Amino acid sequence: MPDTVLVTGGAGFIGSALVRYLIRETDAQVINLDALTYAGHRSTVATVAADPRYHFVQADVADADAVARVFAAHRPTHVMHLAAESHVDRSIDGPAAFIRTNLVGTYTLLEAARAYWQALPPADQQAFRFLHVSTDEVYGALGETGHFRETTPYQPTSPYSASKAGSDHLVRAWHHTYGLPTVVTNCSNNYGPYQFPEKLIPVVILKALAEAPIPVYGTGENVRDWLFVDDHVRALWTVIRQGRVGETYVIGGQSERRNHEVVRTLCQLLDEQYPRPSGTYADLITFVTDRPGHDWRYAIDPTKIMDELGWQPQATFEEGLRQTVAWYLAHQDWCRHVLADTRGLVRRGTGQDQEISA
Ligand code: NAD
């Protein structure tokens, strides 16, 4: 029997890349459970939506009845839990949604999975897996040296990372207490097509195309460890099939860059692919007030997933970024469409909203 994979948050950035991958590369039935918040759009999976193996359910992970109905109707062999509120700046302005979706939603999904799993025949119980997709932000911030590993103590600093840290603890507790076969991943910053245009890389591209100031928080010296989204998705599918139950795997691309370096590289790629009538896009770079409590540096040591499961990132940062710029240049209508029901590119998380678009 082919696998039946329940993906939560499959209309968002990483979830949709996972759904497209599963339809393209496997013979699995794919159930996409998504509430379609501001960050979720069915257009992200339009290329696979007509496939008979793809099924969409609009539901909230914190709605116990709706989630139980999905388990009963589709009988998943694997759960890949990505649904979350994911934007740090939004968590500073309004933490309540993060507590509800990331904590109550994960609890609700775990309880539905437990009830379903406990009633399965032994062979199906043995094969069932629940993968919880989390972030390296649960570990807090690094100084100039060191790396996050699976053994790094938790020290979340934002409402977003604290809510994700809590959800990681719930998942481990459901394994330890009830025996639910769970695995947890903590990944570094992702980039690639279909990222909601409020995160750093699409914001820079869209501001540049609008000939508007390109905002860089603080001094731009903060360091992030970037991973192309398709490499993350392959890691998730590797971990859920081959990872050891009860374990954690950190995932990263070993591509540390300072934020201002990322912005300058994006400006160079735009200069090549979509030249300004005169001058360079770098002339639009503007340093703006920093995010409160902005974590200094994130970096991952992915030795465990590489050595144990043989996973390797395939895209270099420069190749991935080039593809990403080309994708946003070709999909400006998609950006306008998904921004239409928000207030546009508004700076959040400073205590007061500031309009940063031209
Ligand atoms: P995203 O914000 O682009 O997408 C989140 C999706 O979840 C959206 O489709 C949204 O509609 C859905 N959703 C939100 N609340 C829901 C609810 N209550 N019920 C059902 N669906 C709901 O996020 P993303 O960047 O794709 O991140 C996906 C996951 O990966 C998150 O759990 C995030 O913490 C984690 N992660 C993200 C990154 C990154 O760099 N983006 C890095 C590491 C881990």
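Residues numbered from 1 in each chain as written. Predicted model: local features only at pLDDT ≥ 70, side-chain atom pairs only at ≥ 80, totals over all residues. Heavy atoms only, no water.

Side note on the packing of aromatic side chains
Basically, it comes down to this: Any two of the Phe, Tyr and Trp rings considered here, Trp counted by its six-membered ring, make a pair once their centres fall within 6.5 Å; the pair's planes then place it as stacked at under 30 degrees, edge-to-face at over 60, or tilted in between. A 1.4 Å probe rolled over the protein chains alone gives each residue an accessible area, and that area as a share of the maximum for its type sets the label: buried under 20%, exposed over 50%, partly exposed in between.
Under the defined criterion, the tally for this structure stands at 17 aromatic pairs. Considering the side-chain rings of W327 and Y328, the 4.9 Å spacing of their centres and the 85 degrees angle between planes classify their relative orientation as edge-to-face. The same class applies to W327 as to Y328, namely buried. Between W327 and W334 the ring centres are 5.5 Å apart and the planes differ by 70 degrees, which places this aromatic pair in the edge-to-face class.

Digging into the site of the ligand
The cut-off we apply is this: Near, as used in this document, describes a residue that has one of its heavy atoms within 4 Å of the molecule or strand being considered. N or O atoms closer than or at 3.5 Å make up a polar contact, with two conditions inside protein: a donor-capable atom paired with an acceptor-capable one, and, for residues adjacent in sequence, both atoms drawn from side chains. With residues, only the protein chains shown are counted as cover, and all accessible areas are computed by Shrake-Rupley using a 1.4 Å probe. Helix and strand assignments follow DSSP, with helices taken as H or I runs no shorter than four residues and strands as E runs no shorter than two, numbered in order from the N terminus. When residues are sorted by character, Ala, Val, Leu, Ile, Met, Phe, Trp, Tyr, Cys and Pro go into the nonpolar class, Asp, Glu, Lys and Arg into the charged class, and all the rest, Gly among them, into the polar class.
Contacts to the ligand come from 28 residues, most closely from I14, D34, S86, Y160 and K164. A distance of 2.8 Å is found between an oxygen atom of the ligand and a backbone nitrogen or oxygen belonging to I14. Considered on its own, the ligand offers 840 Å² of accessible surface; in the complex 96% of this is hidden by protein. For the shell around the ligand, the secondary structure elements donating two or more residues are α1 (13-25), β5 (129-135) and α6 (159-178). The biggest single contributor to the shell around the ligand is β5, with three residues. Looking at the shell around the ligand residue by residue, the classes come out as 14 nonpolar, 11 polar and three charged.

Points about helix α9 (residues 259-273)
In an α-helix, one turn spans 3.6 residues, which is why side chains three or four residues apart end up on the same side. Quick note on the threshold: The length a helix should cover is 1.5 Å for every residue beyond the first. Contact between two residues is taken to exist if any of their heavy atoms lie within 4.5 Å; hydrogens are not considered.
Between its terminal C-alpha atoms α9 stretches 21 Å, which fits the 21 Å expected from 15 residues at 1.5 Å a residue. Those residues of α9 not exposed but buried are N259, H260, V262, V263, L266, C267, L269 and L270. In this structure, the buried residues of α9 make contact with α7 (200-209), β8 (214-217), β9 (223-225), β12 (256-258), β13 (285-288) and α11 (317-330).

Notes on the pattern of salt bridges
The condition that has to hold: For this document, the term salt bridge refers to a Lys or Arg side-chain nitrogen within 4 Å of an Asp or Glu carboxyl oxygen.
The tally for this structure, following the rule as stated, stands at 18 salt bridges. Across the pair R53 and D51 runs a salt bridge whose closest N-O atoms are separated by 3.8 Å. Its relative accessible area of 18% is what places R53 among the buried residues. Owing to a relative accessible area of 24%, D51 belongs among the partly exposed residues under this scheme. R297 is the salt-bridge partner of E256, the closest N and O atoms lying 2.9 Å from each other. Here the residue E256 occupies a position in strand β12, and R297 occupies one in the loop between β13 and α10 (303-309), the gap between them amounting to 41 residues. Note on E256: relative accessible area 31%, which makes it partly exposed. You can call R297 buried: its relative accessible area is 3%. Taken together, the salt bridges that share partners define one network made up of R244, E247, K304 and E308.

Thoughts on the state of the cysteines
One way to say it: the disulfide is the covalent bond shared by the sulfur atoms of two cysteines. Defined as follows: Pairs of cysteine sulfur atoms within 2.5 Å are what we label disulfides.
Under the definition given, this model contains zero disulfides. For the unlinked cysteine C267, the closest cysteine sulfur is that of C335, found at 16 Å. C267 gets classed as buried once you look at its relative accessible area, which sits at 1%.

Description of the sheet that holds strand β3 (residues 54-58)
Strand pairing in a sheet is mediated by backbone hydrogen bonds. Such pairs are either parallel or antiparallel. So the rule is basically this: By this definition, two strands are paired if DSSP reports at least two bridges between them. Inter-axis angles, ranging from 0 to 180 degrees, are taken between N-to-C directions of lines fitted to C-alpha atoms, where helices are fitted over the stretch in contact.
Read from one edge to the other, the open sheet built from seven strands follows the order β3-β2-β1-β4-β5-β6-β11, with strand pairing classed as parallel. Every other strand in the sheet has two partners, leaving β3 and β11 (248-251) as the edge strands with one partner each. Taken over all neighbouring pairs, the strand axes of this sheet differ in orientation by 20 degrees on average, direction set aside. As paired elements, strand β1 (residues 4-8) and strand β2 (residues 29-34) share five bridges and run parallel to each other. Bridging across to β2, T4 finds its partner in Q29. Sitting on the sheet, α6 touches β5, β6 (182-187) and β11, and the angle it makes with β5 is about 155 degrees. Contacts between helix α8 (residues 229-242) and the sheet are confined to β1, β4 (78-81), β5, β6 and β11, with β5 contributing the most and set at about 145 degrees to the helix.

Some words on the nonpolar core
Using the following cut-off: Definition used in this section: a nonpolar core is a set of buried Ala, Val, Leu, Ile, Met, Phe, Trp, Tyr and Cys residues joined via side-chain atoms within 4.5 Å.
In this structure, L22 and M80 are the most contacted members of the largest nonpolar core, which totals 36 residues. Counting residues per element, the ones that place at least two in this core are β1, α1, β3, β5, β6, α8, β11 and α10. Considering every element that reaches this core, the biggest residue donor is α1, with eight residues. Ignoring anything within four residues of it in the chain, the contact list for L22 reads V5, V7, V30, R53, M80 and W237. Formed by 33 residues, the second largest nonpolar core is a distinct cluster that contains I205, V262, Y281 and W327.

Some remarks on helix α2 (residues 64-74)
This is how the line gets drawn: The arc under discussion is defined with respect to the helix axis, by the directions toward the C-beta atoms.
Every buried residue belonging to α2 is among A66, V67, V70 and F71, and all of these are buried. Down the axis of α2, the sector holding all buried residues measures 140 degrees, keeping them to one side. Exposed side chains of α2 directed beyond 90 degrees from the buried face belong to D65, R69, A72 and A73. The inward-facing, buried residues of α2 contact β1, β2, β3, β4 and α4 (96-118).

Brief notes about the pairing of β6
Condition: Think of it like this: strands point away, you trace from the first strand over the helix to the second, and a clockwise trace means the crossover is right-handed.
In terms of burial, β6 is a largely internal element, six of the six residues being buried. Here β6 shows a buried face lined by T182, V184 and N186 and a second buried face lined by V183, T185 and C187. Note: β5 against β6, six bridges, orientation parallel. By the bridge assignment, V133 is partnered in β6 with T185. Once the chain exits β5 it traverses α6 before rejoining the sheet at β6, and the crossover so formed is right-handed.

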